[in-house]
Amino acid sequence: MTTSTTRLTVAQALVRFLAAQYTERDGERHRLIDATWGIFGHGNVAGIGQALVEYADVMPFHQGRNEQAMVHAAVGYARQSNRLSAHAVTTSIGPGATNLVTGAALATINHLPVLLLPGDIFATRPADPVLQQLEVPYAGDVSVNDTLRPVSRYFDRISRPEALIPAALQAMRVLTDPVETGAVTLALPQDVQAEAYDWPEEFFAERTWSVRRPGADPIELTEAVRAIRQAERPLLIAGGGVHHSRAEAALAEFAEATGIPVASTQAGKGSLPHDHPQDVGGVGHTGTATADELARTADLVIGVGTRYTDFTTASGTLFEDPGVRFLNLNIAPYDGHKLAGRALIADARSGLSELTEALRMHDHRVPPAYVARYTEGKERWERRVDACWAADDPEARPTQLQVLGALDALVDGSDIVINAAGSLPGDLHKLWRARSRDQYHLEYGYSCMGYEIPAAIGVRLAAPDRPVWALVGDGTYLMMPTEIVTAVQEGVAIKMLLVQNHGYASIGGLSEETGGERFGTAYRYRNDDGAFAGAPLPVDLAANAESLGMRVLRARTVADLRAALAEARAADTPTCVYVETETADTVSGAPAAQAWWDVPVAQTATRASAVKARELYERHVSSRRRHL
């Protein structure tokens, strides 16, 4: 039997293959690789670059300015697309490839798909070394791309043209697997990219990859129902898996049928809207007083789609009830067995629906007194939020909380708010009132400074008709403002809320608490003693953003801020609202942490601040327990 073939380069074959891949879930079909981001150098310009020109009609292209930022944009797109569509990212060899590592780690930690296509050194080694090659004396087949192995869910180096076929198929399998998905890397030697091969036409046929929704094992389901029925004070913790599964409606149905309160991790916030009767807000170190008190007294914790990070568990100190047990509904067995929990391995939506149906057969609900308890706690916390948002003097300079309050008063359920690092995640987790399932976009698995601006571009590309806000502190802005140029070039009308407080507010506060005395956390001149304790630096971040092509609205007062935010929300071009708040070493008025977080403190020190911090640390550590 003769198989028809087409002669193409490896790069051309890869681009054509990617353009024919689709996903399907719940009867909805999506293109899997919807576009490619790229920065070109000698390692990919004549291979992937030429292929993207050859197939520009089927593979959209976005030009980036920083390789890490391109991955962040792709991750933002994938998250907003519910992991059913993703982007590819191509780079040259050398620093272009190693710049991918941080973005790849972020994608993999957050279980978000992105396809990385870094150029690589010559497979045929006509000259050795080549420009930008890392020589490894003990291994001739190692390149800098091997740094991507530990942060990728799948890695392959395409050293022969025919090797692309199995590697590309495996890459698609991992990208569409709801358990395994994350960064996928296909390293492409620059000579192999340009090499021609006779490809079987079947390789380019359309393929639809089904995204699974596995149901629960009947025995595990029976045991889970029994555990819930026996509990008197159950608490459900919603993680990011609720959003990935599009299980929000199933969660609401479960909560309403049982009366069980729902707290949320950073990734899970918005699983229920803030005004839902069973929503008790964020949980853990940056959680609400209501949710954390429920967690301390819970006799059953139902984790749905959560990894139970140390922020959620308060470093193992939050769940205090002596008899507390855990029931973990998770599509990943690795996470389902955490905290010695009873595992219910299933898709979040499927599992919640099955639990709801089974519990309805028993007419199961929590006691009315328990409902009254968390309802009163929720109302108390809402009054605290109102107090934090309040700004009585419209002509005063706003605090950071008043900045967030002004935005909270403006947005509706169509707005999307993006943040990742600094002091803002804690304030948002405690106080933000999520109005829709995808309004709250916090990247806190890796908490990567520099994520917000490129991610906002990716989100806006996935949701072109919705207002998308990148909430950025000065520390984060200085890390990675480069993609402002991309937003301007592409006409992607993101809104950036840039908060200037002259330093690292979050780490400054943590430094003070742990005996570090805010050393090296303020953006200030040196004083006569050599310390960074002089006047704040005269850095004009607004002028910088403006110089990159962004429209900038400066707000000096609360009244200015309200007007500027409204103007930015209505804008159809990339727009920045710049506001200077209190300095980073001034308390902003946010509620204190409602639960502990373990950051080890020096065991020996001569300075009083460190000695005192160690005494407090030892008291907290003594309350930690292992749930076995």
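These lines cover the structure that appears in this document, whether it is placed above or below. Small disclaimer: the values here were computed from a predicted structure and weren't measured.

## Describing the side chain of Thr265
Turning to step 1, where the next piece is worked out: Along the chain, Thr265 falls in the loop between β13 (262–264) and β14 (279–282).
Turning to step 2, where the next piece is worked out: Of the polar contacts made by the side chain of Thr265, one reaches the backbone nitrogen of Ala267; its length is 3.3 Å.
Turning to step 3, where the next piece is worked out: Each residue touching Thr265, except ones within four places of it in the same chain, is listed here: Ile237, Ala238, Gly239, Gly240, Val283, Thr306, Thr312 and His429.

## Brief notes about the sheet that holds strand β9 (residues 183–189)
Sheet strands pair via backbone hydrogen bonds, and the direction of the pair is either parallel or antiparallel.
Turning to step 1, where the next piece is worked out: Strand order in this open sheet of six strands is β5-β4-β6-β7-β9-β8, and the pairing throughout is parallel. Edge positions in the open sheet fall to β5 (61–63) and β8 (154–157), since each of these has one partner strand only. Looking at each pair of strands side by side, their axes are set apart by 20° on average, direction ignored.
Turning to step 2, where the next piece is worked out: The pairing of strand β7 (residues 114–120) with β9 spans five bridges and is parallel. Looking across to β9, one finds that Val114 is bridged to Ala183.
Turning to step 3, where the next piece is worked out: Across the sheet, helix α5 (residues 100–109) touches β6 (86–91), β7 and β9, and the angle it forms with β7 is around 155°.

## Some words on the pairing of β9
Taken residue by residue, a regular strand's side chains alternate between the two faces of the sheet.
Turning to step 1, where the next piece is worked out: Counting buried residues along β9, seven of its seven residues qualify, which places the element largely inside the surrounding structure.
Turning to step 2, where the next piece is worked out: With burial as the criterion, each face of β9 is covered, one bearing Ala183, Thr185, Ala187 and Pro189 and the other bearing Val184, Leu186 and Leu188.
Turning to step 3, where the next piece is worked out: Sheet topology note: the β8/β9 ladder contains four bridges and is parallel. Bridge pairing in β9 places Tyr154 opposite Val184.
Turning to step 4, where the next piece is worked out: Following the backbone out of β8, through helix α6 (residues 164–175) and into the adjacent parallel β9, one traces a crossover that is right-handed.

## Structural notes on the pattern of salt bridges
Should their charged atoms come close, side chains of opposite charge can pair.
Turning to step 1, where the next piece is worked out: Applying the stated rule across the entire model yields 35 salt bridges.
Turning to step 2, where the next piece is worked out: Through salt bridges that share partners, Arg246, Glu248, Arg437, Asp438 and Arg466 make up one connected network.

## Here's the deal with a negative patch on the surface
Turning to step 1, where the next piece is worked out: Among the surface-exposed residues, Asp392, Asp393, Glu395 and Asp560 lie close enough to one another that they form a single negatively charged patch.
Turning to step 2, where the next piece is worked out: Structurally, Asp393 is set in the loop between α15 (368–389) and α16 (400–410).

## A closer look at a nonpolar patch on the surface
Turning to step 1, where the next piece is worked out: Among the surface-exposed residues, Phe40, Val45 and Phe61 lie close enough to one another that they form a single nonpolar patch of about 240 Å² accessible area.
Turning to step 2, where the next piece is worked out: Here Phe40 lies in the loop between β4 (33–38) and α2 (48–54).
Turning to step 3, where the next piece is worked out: On the basis of relative accessible area, Phe40 is assigned to the partly exposed category, the value being 36%.

## A closer look at the sheet that holds strand β23 (residues 575–580)
Turning to step 1, where the next piece is worked out: What the six strands build is an open sheet, ordered β19-β18-β20-β21-β23-β22; its pairing is parallel. Single-partner strands in this sheet number two, and they are β19 (440–442) and β22 (551–555). Direction aside, the axes of adjacent strands within the sheet are offset by 20° on average.
Turning to step 2, where the next piece is worked out: Across five bridges, the pairing between β22 and β23 is parallel. Counted as the bridge partner of Val552 is Cys576 from β23.
Turning to step 3, where the next piece is worked out: The strands touched by helix α17 (residues 424–431) within the sheet are β18 (416–419), β19 and β20 (468–473), with β19 carrying the most contacts at an inclination of about 150°.

Scoring rules and cut-offs
- Residues numbered from 1 in each chain as written.
- Predicted model: local features only at pLDDT ≥ 70, side-chain atom pairs only at ≥ 80, totals over all residues.
- Heavy atoms only, no water.
- Helix = DSSP H or I, 4+ residues; strand = E, 2+ residues; numbered from the N terminus.
- Polar contact = N/O pair within 3.5 Å; in protein donor to acceptor, adjacent residues only side chain to side chain.
- Contact = heavy atoms within 4.5 Å.
- Pairing = 2+ DSSP bridges.
- Axes fitted to C-alpha atoms, helices over the stretch in contact; angles between N-to-C directions.
- Buried < 20%, exposed > 50% of the residue type's maximum accessible area, 1.4 Å probe, protein only.
- Right-handed = clockwise from strand over helix to strand, strands pointing away.
- Salt bridge = Lys/Arg side-chain N within 4 Å of Asp/Glu carboxyl O.
- Patch = residues over 30% accessible without salt bridge, like charges linked within 9 Å, V, L, I, M, F, W, Y side chains within 5 Å.
- Areas by Shrake-Rupley, 256 points an atom, 1.4 Å probe, with all protein chains shown as cover.
- Lys, Arg positive; Asp, Glu negative; His and termini not counted.
- Charge placed at Lys NZ, Arg CZ, Asp CG, Glu CD.

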